[in-house]
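What follows is each chain in one-letter form.
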Amino acid sequence: MTDSHHPPVGIDALALACPKAFIAMDTLAEARGVPSAKYTQGLGQEKMAIASPVEDTVTLATAAARRALETFDVDPQSIGTLIVGTETGVDHSKPVAVYVHELLGLPERCRTFETKHACYGASAGLTTSLDWIASGRARGQKALVIAADIASYGLNTPGEPTQGAGAVAMVIGEHPRLLRIHPNTIGDYTRQVMDFWRPLYSKYALADGHYSIECYLEALAGARAAALDGGDEVFDELLACLYHVPFVKMAHKAHRKELECVHHRPFDLDTADDQARFDASYQRLVAPWLSLNAQVGNIYTGSLYLALMDLIRQSQASWADRRVSLFSYGSGCGATYMLGQIAPSAHQWAGHCDPQADLDQRRRLSVGEYEAMIAAVERAERAEKLDPSDWGVLEGLAYVGTQDHQRQYRWLGRDALTPAV
Ligand code: CAA
């Protein structure tokens, strides 16, 4: 899969930032009068991260990026492209990326923009960055691609149990330490469908939920065909299949579709034979990397890369050069299927990619606190002054209100002493 004329290109650093509070799915189910098994088994979720009024796409994106640069010791001056993929930006005109650029003290000699295509924005940023490097235009510089979103469907909607919030930052460069991606294994897919959208006047997404699942699965088949061009034999070599995970059970549906594509026939999970074959494949290739998604919920464009983090945090020396598939889906719709290859050094960085300690420290919300938080988020855009300590946010970067129509951010606690990386 490597091309002897070009150095390998791919993901060199990876980090997650997540809000400091969550709601447990069984708590939400009880309040909505739904059996908790519907959310925990039917959708496969354990918890959903909930953003407070002082945590927005800028704070999450900046925190993830700062952690990626610091943890992997990447010189901020080496960043020549900065892309934030999001469908929950903070301004109709100004990109989240330019706030991040300033807050991290990145060099002026840098291309900076935001990409939007529902849950697909960051993948567009990733492949654009790979092309930028492969074309030679990067001249040794690296790209910083951040997938950041706050998934909001509104209270008492079918989408409510598929919310979440967070950002995954990735540094893209030559000779990557984590995952190589070769351009000739990338396949794209686009079709105009109204499966999920968010009008300019709405903070909450609208979705034709069951139709969106159909569109996702059709896009998987389409992008996969474009990537592999009939080369299905690669499936037998895969170490992992990573999918866009709006809720964990979606990866289950996706893998069934993948097997149907591989075997060119429907998989009937009501028959013992197909069920056994499917289960074995799912347990080996998909299930082990879904724990972070189950704990964080839907982070829209970062969901696929959260599954990738889960894989990398478990990586072992024997995985060097093993292949993985990655499928990114954005409603509307756009999709990409690609193959990656575990870098030989990935296992040395496994511990650096593990956000579990942070996730375990989050504050558990009651339903009353969760609903109050959603109501406060609605008012936050026009609030002049917000106090982060009201929301238990004492460190890191906080959104502290809007003055003269301009959003204000402040580093807190020990981060206030050393704001830039
Ligand atoms: N015990 C166990 N399981 C139960 C159960 C119980 N008591 N009750 C129901 N279930 C199961 C159902 O059988 C179903 O599982 P299967 O799909 O495997 O059959 C599952 O729980 C969900 O039940 P329903 O389909 O009845 O749930 P719903 O109609 O309330 O809606 C949903 C589910 C469509 C996903 C909805 O949450 C939604 O609209 N979500 C937002 C849209 C979305 O996430 N789409 C995904 C594809 S689009 C995309 O990926 C882009 C993106 O990020 C938005």
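Residues numbered from 1 in each chain as written. Predicted model: local features only at pLDDT ≥ 70, side-chain atom pairs only at ≥ 80, totals over all residues. Heavy atoms only, no water.

Quick look at the site of the ligand
Now for step 1: Residues in close proximity to the ligand total 23 residues, the closest being Cys119, Pro158, His210, Ser212 and Lys253.
Now for step 2: At a separation of 2.8 Å, an oxygen atom of the ligand approaches a polar side-chain atom of His210.
Now for step 3: Interatomic distance of 2.9 Å between a side-chain N/O atom of Lys249 and an oxygen atom of the ligand.
Now for step 4: Relative to its unbound accessible surface of 1,100 Å², the ligand loses 73% to contact with the protein. (Near = heavy atom within 4 Å. Polar contact = N/O pair within 3.5 Å; in protein donor to acceptor, adjacent residues only side chain to side chain. Areas by Shrake-Rupley, 256 points an atom, 1.4 Å probe, with all protein chains shown as cover.)

Observations regarding the packing of aromatic side chains
Now for step 1: Tallied over the full model, the rule gives ten aromatic pairs.
Now for step 2: A ring pair is formed by Trp289 and Trp319, whose centres lie 5.8 Å apart and whose planes are at 85°; its orientation type is edge-to-face. Taken together, the positions of Trp289 in the loop between α8 (272–285) and α9 (291–296) and Trp319 in the loop between α10 (303–313) and β12 (323–330) put the pair 30 residues apart, joining distant regions of the chain.
Now for step 3: A residue is classified by how much of its surface remains accessible, and Trp289, at 5% relative accessible area, is buried.
Now for step 4: Trp319 gets classed as buried once you look at its relative accessible area, which sits at 8%.
Now for step 5: Note on Tyr399 and Tyr409: the rings are 5.8 Å apart at their centroids and 55° apart in plane angle, and the pair reads as tilted. On the criterion of sequence distance, the pair formed by Tyr399 in strand β15 (residues 396–403) and Tyr409 in strand β16 (residues 406–412) is long-range, its members being ten residues apart. As far as burial versus exposure is concerned, Tyr399 and Tyr409 are alike and both buried.
Now for step 6: A connected cluster of aromatic rings, assembled from ring pairs, spans Tyr99, Tyr399 and Tyr409. (Phe/Tyr/Trp six-rings, centres within 6.5 Å; stacked < 30°, edge-to-face > 60°. Helix = DSSP H or I, 4+ residues; strand = E, 2+ residues; numbered from the N terminus. Buried < 20%, exposed > 50% of the residue type's maximum accessible area, 1.4 Å probe, protein only.)

A short note on helix α5 (residues 121–134)
Now for step 1: Taking 1.5 Å of rise per residue, the 14 residues of α5 would be expected to cover 20 Å, and the 20 Å separating its terminal C-alpha atoms lies within 8% of that figure.
Now for step 2: All of the buried residues along α5 are Gly121, Ala122, Ser123, Gly125, Leu126, Thr127, Ser129, Leu130, Trp132 and Ile133. (Expected span 1.5 Å × (residues − 1).)

As for the environment of Asp390
Now for step 1: Along the chain, Asp390 falls in the loop between α12 (367–380) and β15.
Now for step 2: When the C-alpha positions of Asp390 and Val54 are compared, they lie 9.3 Å apart, and in sequence the two are 336 residues distant.

Description of a nonpolar patch on the surface
Now for step 1: A cluster of nonpolar residues, Met194, Trp197 and Leu206, forms a patch on the protein surface that exposes about 260 Å² of accessible area.
Now for step 2: Inspection of the secondary structure puts Met194 in the loop between β8 (179–190) and β9 (196–197). (Patch = residues over 30% accessible without salt bridge, like charges linked within 9 Å, V, L, I, M, F, W, Y side chains within 5 Å. Salt bridge = Lys/Arg side-chain N within 4 Å of Asp/Glu carboxyl O.)

Some thoughts on helix α3 (residues 57–71)
Now for step 1: Across its 15 residues, α3 extends 21 Å between first and last C-alpha, which sits within 8% of the 21 Å expected from 1.5 Å per residue.
Now for step 2: Among the 15 residues that make up α3, eleven are buried, leaving the element largely enclosed by the rest of the structure.
Now for step 3: The complete set of buried residues in α3 reads Thr57, Val58, Thr59, Leu60, Ala61, Thr62, Ala64, Ala65, Arg66, Ala68 and Leu69.
Now for step 4: Where α3 begins, the side chain of Asp56 points an oxygen toward the backbone nitrogen of Val58, at a separation of 2.9 Å.

Concerning the pairing of strand β5 (residues 111–115)
Now for step 1: Pairing between strand β4 (residues 79–85) and β5: five bridges, direction parallel. The residue of β5 that forms the bridge with Gly85 is Thr115.
Now for step 2: As for the winding sense of the linkage, the β-α-β connection from β4 through helix α4 (residues 96–103) to β5 is right-handed. (Pairing = 2+ DSSP bridges. Right-handed = clockwise from strand over helix to strand, strands pointing away.)

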